[in-house]
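Below, each chain spelled out in residue letters.
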Amino acid sequence: RKEVEQDPGPFNVPEGATVAFNCTYSNSASQSFFWYRQDCRKEPKLLMSVYSSGNEDGRFTAQLNRASQYISLLIRDSKLSDSATYLCAVNIEGGADGLTFGKGTHLIIQP
Amino acid sequence: DGGITQSPKYLFRKEGQNVTLSCEQNLNHDAMYWYRQDPGQGLRLIYYSQIVNDFQKGDIAEGYSVSREKKESFPLTVTSAQKNPTAFYLCASSDRGLATEAFFGQGTRLTVV
């Protein structure tokens, strides 16, 4: 059974700090990886895709470690508006059933 | 604007009733999905469809049914056989292919009264 695991948190972080959290996946055939952001009582929205070479979008950096089977998300200079739940999602090779999601990591940025 | 539309946003159901949740997309995506989310939980896959007139059960299909008569539409029926239907239901779509992300509708919050 494919599984995606995340620390549920909450992570309480002061504004301006850097925060990072990981997501581990059990299926080595996983091929594509994403981070989604979900605000309370809203739908998940794509934050960024995760490439083998890693990728950066402003204050956000995502990395993939295939050897240890995890992806990470780093948020620099955190803002109050970054408070949300961050879901990781993976798709396995040949998987027609779409993405498998972790349960999410709850992040709270404190003023 | 292209996107996924779910309706209604809130739905109340009496015990023993069937209800149908609507999901429409104009993104020209082949694949569509239904997920259920309970408080503090992740998304669990109910049903998915990769192509018109074909759909497959996900991890928690019992008590649910779907149809895919049109590419744009993937309605979900919550039947009376679903014993604990109160949840947040999310519809998503994606291009067929491995490295494609899913896009979500705004969700339907179903409550049994």
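Scroll up a little and you will see the structure.
Residues numbered from 1 in each chain as written. Chains lettered and ligands numbered in written order. Predicted model: local features only at pLDDT ≥ 70, side-chain atom pairs only at ≥ 80, totals over all residues. Heavy atoms only, no water.

Student: So what exactly am I meant to see when it comes to the sheet that holds strand 7 (residues 64-66) of chain B here?
Tutor: Adjacent strands of a sheet form backbone hydrogen bonds with each other and so pair up, either parallel or antiparallel. All names here are of chain B. One open sheet accounts for four strands, arranged 1-3-8-7; its pairing is antiparallel. Every other strand in the sheet has two partners, leaving strand 1 (4-7) and strand 7 as the edge strands with one partner each. Within the sheet, the average angular offset between the axes of one strand and its neighbour, ignoring direction, is 20 degrees. Relative to strand 8 (residues 76-78), strand 3 (residues 19-25) runs antiparallel, the two sharing three bridges. Each bridged residue has a counterpart across the sheet, and for L21 the counterpart in strand 8 is L76. (Pairing = 2+ DSSP bridges. Helix = DSSP H or I, 4+ residues; strand = E, 2+ residues; numbered from the N terminus. Axes fitted to C-alpha atoms, helices over the stretch in contact; angles between N-to-C directions.)

Student: Where do I start with unusual backbone geometry in this structure?
Tutor: With glycine set apart, most residues show a phi of negative sign, and most peptide bonds adopt trans. All names here are of chain A. The omega torsion across G9 and P10 is 10 degrees, close enough to zero to call that bond cis. Take P10: it is sitting in the loop between strand 1 (4-6) and strand 2 (11-14). Notably, Q69 is not glycine yet its phi reads approximately 55 degrees, a positive angle. One can find Q69 in the loop between strand 7 (60-65) and strand 8 (70-75).

Student: Please clarify how the pattern of salt bridges should be interpreted in this entry.
Tutor: Note that side chains of opposite charge can pair when their charged atoms are close. Applying the stated criterion to the full structure yields seven salt bridges over all chains. Two residues, D77 of chain A and K79 of chain A, come together in a salt bridge whose shortest N-O distance is 2.9 Å. The exposure class assigned to K79 of chain A is partly exposed, which follows from its relative accessible area of 32%. One salt bridge connects D38 of chain B with R44 of chain B, and the closest N-O pair in it is separated by 2.7 Å. Taking relative accessible area as the criterion, R44 of chain B reaches 37% and is therefore assigned partly exposed. In the salt-bridge network here, residues are joined through shared partners; they are R36, D38 and R44 of chain B. (Salt bridge = Lys/Arg side-chain N within 4 Å of Asp/Glu carboxyl O. Buried < 20%, exposed > 50% of the residue type's maximum accessible area, 1.4 Å probe, protein only.)

Student: Is there a simple way to think about a nonpolar patch on the surface in this case?
Tutor: Residue and element names in this part refer to chain B. A cluster of nonpolar residues, Y10, F12 and V113, forms a patch on the protein surface that exposes about 360 Å² of accessible area. As for its position among the elements, V113 is in the segment after strand 11 (108-112). Under the relative-accessibility criterion, V113 is labelled exposed at 59%. (Patch = residues over 30% accessible without salt bridge, like charges linked within 9 Å, V, L, I, M, F, W, Y side chains within 5 Å. Areas by Shrake-Rupley, 256 points an atom, 1.4 Å probe, with all protein chains shown as cover.)

Student: I keep staring at the nonpolar core and nothing clicks. Help me out?
Tutor: Soluble, globular proteins show a tendency: their nonpolar side chains are buried together. The biggest cluster of nonpolar side chains holds 22 residues, and the ones touching the most others in it are F21, W35, I71, L73, I75, Y86 and L107 of chain A. Counting residues per element, the ones that place at least two in this core are strand 3 (19-25), strand 4 (30-38), strand 5 (45-50), strand 7, strand 8, strand 9 (84-92) and strand 11 (105-110) of chain A. Once residues lying within four places of it in the same chain are set aside, the contact partners of L73 of chain A are V19, A20, F21, W35, L47, M48, F60, T61 and Y86 of chain A. One finds L21, M32, I60 and L76 of chain B within the second-largest nonpolar core, a separate group that totals 20 residues. (Core = buried A, V, L, I, M, F, W, Y, C linked by side-chain atoms within 4.5 Å. Contact = heavy atoms within 4.5 Å.)

Student: Looking at this model, I keep getting lost on the sheet that holds strand 3 of chain A. Mind explaining?
Tutor: Residue and element names in this part refer to chain A. The sheet built from five strands is open, its strands ordered 1-3-8-7-6 with antiparallel pairing. One side of each edge strand has no neighbouring strand; the edge strands of this open sheet are strand 1 and strand 6 (55-57). In this sheet, adjacent strand axes meet at a mean angle of 20 degrees when their direction is disregarded. Sheet topology places strand 7 next to strand 8; six bridges connect them, and they run antiparallel. Looking across to strand 8, one finds that T61 is bridged to L74.

Student: Could you clarify how one ought to interpret the interface of chain A and chain B in this entry?
Tutor: Many descriptions give the size of an interface as the accessible area lost when the pieces come together. Taken together, the 23 residues of chain A in the interface contact 23 residues of chain B. In total, about 1,800 Å² of surface goes out of reach between chain A and chain B, with carbon and sulfur atoms giving 56% of it. Ranking the residues of chain A by area buried against chain B places R41, E43 and F101 of chain A at the top, with a combined share of 26%. Linking chain A to chain B there are zero salt bridges. Counting across the interface, chain A meets chain B through four residue pairs in polar contact (both at pLDDT 80 or more). Of all the elements in the fold, those that place two or more residues in the side of chain A that touches chain B are strand 4 and strand 9 of chain A. Here the side of chain A that touches chain B is built from residues that sort into nine nonpolar, seven polar and seven charged. (Buried area = accessible area lost by both parts, 1.4 Å probe. Polar contact = N/O pair within 3.5 Å; in protein donor to acceptor, adjacent residues only side chain to side chain. Nonpolar A, V, L, I, M, F, W, Y, C, P; charged D, E, K, R; others polar.)

No statement about biological role is implied by the geometric values presented.
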